[in-house]
Amino acid sequence: MKAFTIIQSTFVPLPMENIDTDQIIPARFLKGTTKEGFGQNLFRDWRYDKDGTPKRDFILNNPNYSGNILVAGKNFGCGSSREHAAWAVLDAGFDAVVSSFFADIFKNNALNNGVLPVQVSDEFLNKIFEQSNKSIITINLPDQTITIDATGEYEQFEISSYKKTCMLNGYDDITYLLSIKAEIEEFEASLNPSQGGT
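Everything numeric in this text was worked out from a predicted model, so none of it was measured.

Draft legend 1. Highlighting the packing of helix α3 (residues 84–91) against helix α4 (residues 104–112). For the pair α3 and α4, interaxial distance at closest approach is 8 Å and the crossing angle is 50 degrees. Comparing their axes, α4 and α3 come out oblique. Crossing geometry of α3 relative to α4 is assigned as right-handed. Note on element contacts: α4 touches α3 through Phe-106, Asn-109 and Ala-110, opposite Ala-85, Ala-86 and Val-89. By residue class, the composition of the contact of α3 with α4 is five nonpolar, one polar and no charged.

Draft legend 2. Spatial organisation of the packing of aromatic side chains. By the definition in use, this model includes seven aromatic pairs. Measuring from ring centre to ring centre gives 5.5 Å for Phe-38 and Trp-87, while their planes differ by 65 degrees; the resulting arrangement is edge-to-face. Of the two residues, Phe-38 sits in the loop between α1 (21–24) and α2 (44–47) while Trp-87 sits in helix α3, which places them 49 residues apart along the sequence. Trp-87 shares its class with Phe-38; the two are buried. Both rings, one in Phe-102 and one in Phe-106, keep their centres 6.3 Å apart while their planes meet at 15 degrees; by these two values the pair is stacked. Take Phe-106: its relative accessible area is 2%, and that puts it in the buried class. Grouped by ring-pair contacts, the aromatic residues Phe-43, Trp-46 and Phe-58 constitute a single cluster.

Draft legend 3. Here's a closer look at the sheet that holds strand β1 (residues 6–9). If you walk across this open sheet you meet the four strands as β1-β6-β7-β8, and the pairing is antiparallel. Either end of the sheet is taken by a strand with one partner, and the two such strands are β1 and β8 (154–156). Sheet twist, expressed as the mean angle between neighbouring strand axes with direction ignored, is 10 degrees. When β1 meets strand β6 (residues 137–140), the two strands line up antiparallel, connected through four bridges. By the bridge assignment for β6, Ser-9 is matched with Ile-137.

Draft legend 4. Molecular detail of the nonpolar core. Of all hydrophobic cores here, the largest spans 24 residues; its most connected members are Ile-24, Phe-43, Leu-70, Phe-76, Val-89 and Phe-106. At the level of elements, β2 (11–14), β3 (69–72), α3 and α4 are the ones that each hand at least two residues to this core. Of the residues forming this core, the biggest block, five residues, is contributed by α3. If we skip the residues at most four places from it in the chain, Phe-106 touches Ile-24, Phe-76, Gly-77, Ala-85, Ala-86 and Val-89. Formed by 22 residues, the second largest nonpolar core is a distinct cluster that contains Ile-7, Ile-128, Leu-141 and Met-167.

Draft legend 5. Representation of the side chain of Ser-9 within the structure. With respect to the helices and strands, the residue Ser-9 is situated in strand β1. A distance of 2.9 Å separates the side chain of Ser-9 from the side chain of Asn-68, its partner in a polar contact. With residues up to four places along the chain from it excluded, the contact list for Ser-9 reads Gly-67, Asn-68, Ile-69, Ser-135, Ile-136 and Ile-137.

Draft legend 6. A look at unusual backbone geometry. Even without a glycine there, the phi angle at Asn-18 is positive, about 60 degrees. Here Asn-18 shows up in the loop between β2 and α1. For Phe-43, which is not glycine, the phi dihedral falls at a positive 55 degrees. Turning to its location among the elements, Phe-43 is positioned in the loop between α1 and α2.

Conventions adopted
- Residues numbered from 1 in each chain as written.
- Predicted model: local features only at pLDDT ≥ 70, side-chain atom pairs only at ≥ 80, totals over all residues.
- Heavy atoms only, no water.
- Axes fitted to C-alpha atoms, helices over the stretch in contact; angles between N-to-C directions.
- Helix = DSSP H or I, 4+ residues; strand = E, 2+ residues; numbered from the N terminus.
- Parallel < 35°, antiparallel > 145°, perpendicular 65-115°, else oblique.
- Left-handed = near helix turned anticlockwise from the far one by under 90°.
- Contact = heavy atoms within 4.5 Å.
- Nonpolar A, V, L, I, M, F, W, Y, C, P; charged D, E, K, R; others polar.
- Phe/Tyr/Trp six-rings, centres within 6.5 Å; stacked < 30°, edge-to-face > 60°.
- Buried < 20%, exposed > 50% of the residue type's maximum accessible area, 1.4 Å probe, protein only.
- Pairing = 2+ DSSP bridges.
- Core = buried A, V, L, I, M, F, W, Y, C linked by side-chain atoms within 4.5 Å.
- Polar contact = N/O pair within 3.5 Å; in protein donor to acceptor, adjacent residues only side chain to side chain.

Scope: geometric values only; no functional claims are made or implied.
Put into structure tokens, the structure is as follows:
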């Protein structure tokens, strides 16, 4: 995963509540075993007609909106536990999703795949939705803040210290363990001094 520190970007607004994982990535697209290629089918049934024609009224098909931050309504990622939903969000170019509530499984899947879920209050979420398509949002992971640049308004957001460390350094669970290998070996040696830690 790539390291995540500060993102400053315009955003794509999707002010719909209870967006479930089947809407994020429909079940018929779950055959892939790698993370690549899912972005083209993100919100597939909302983005395209059955013949593959883009629907003009869907936000992701609107060239006036861009950015690597997706801002969605309350209860984003509910439904099934499919990790592919996080893969699709990431592969579509989004580094962060902002909502006033995330389903726990989606939140964990996002963090495990390098997508930062930023949970804000309903009031702050509405303030973001009120911004123009050119408005910039700054997400500062070290400080755990999200700011609307045009107004200076900001909120703190929560993230576990472990996942914060992983995201700041671009670690998954395995690379995190490798990063502290020397400390693990030192601790093991302290428990078995006569065996030299083996």
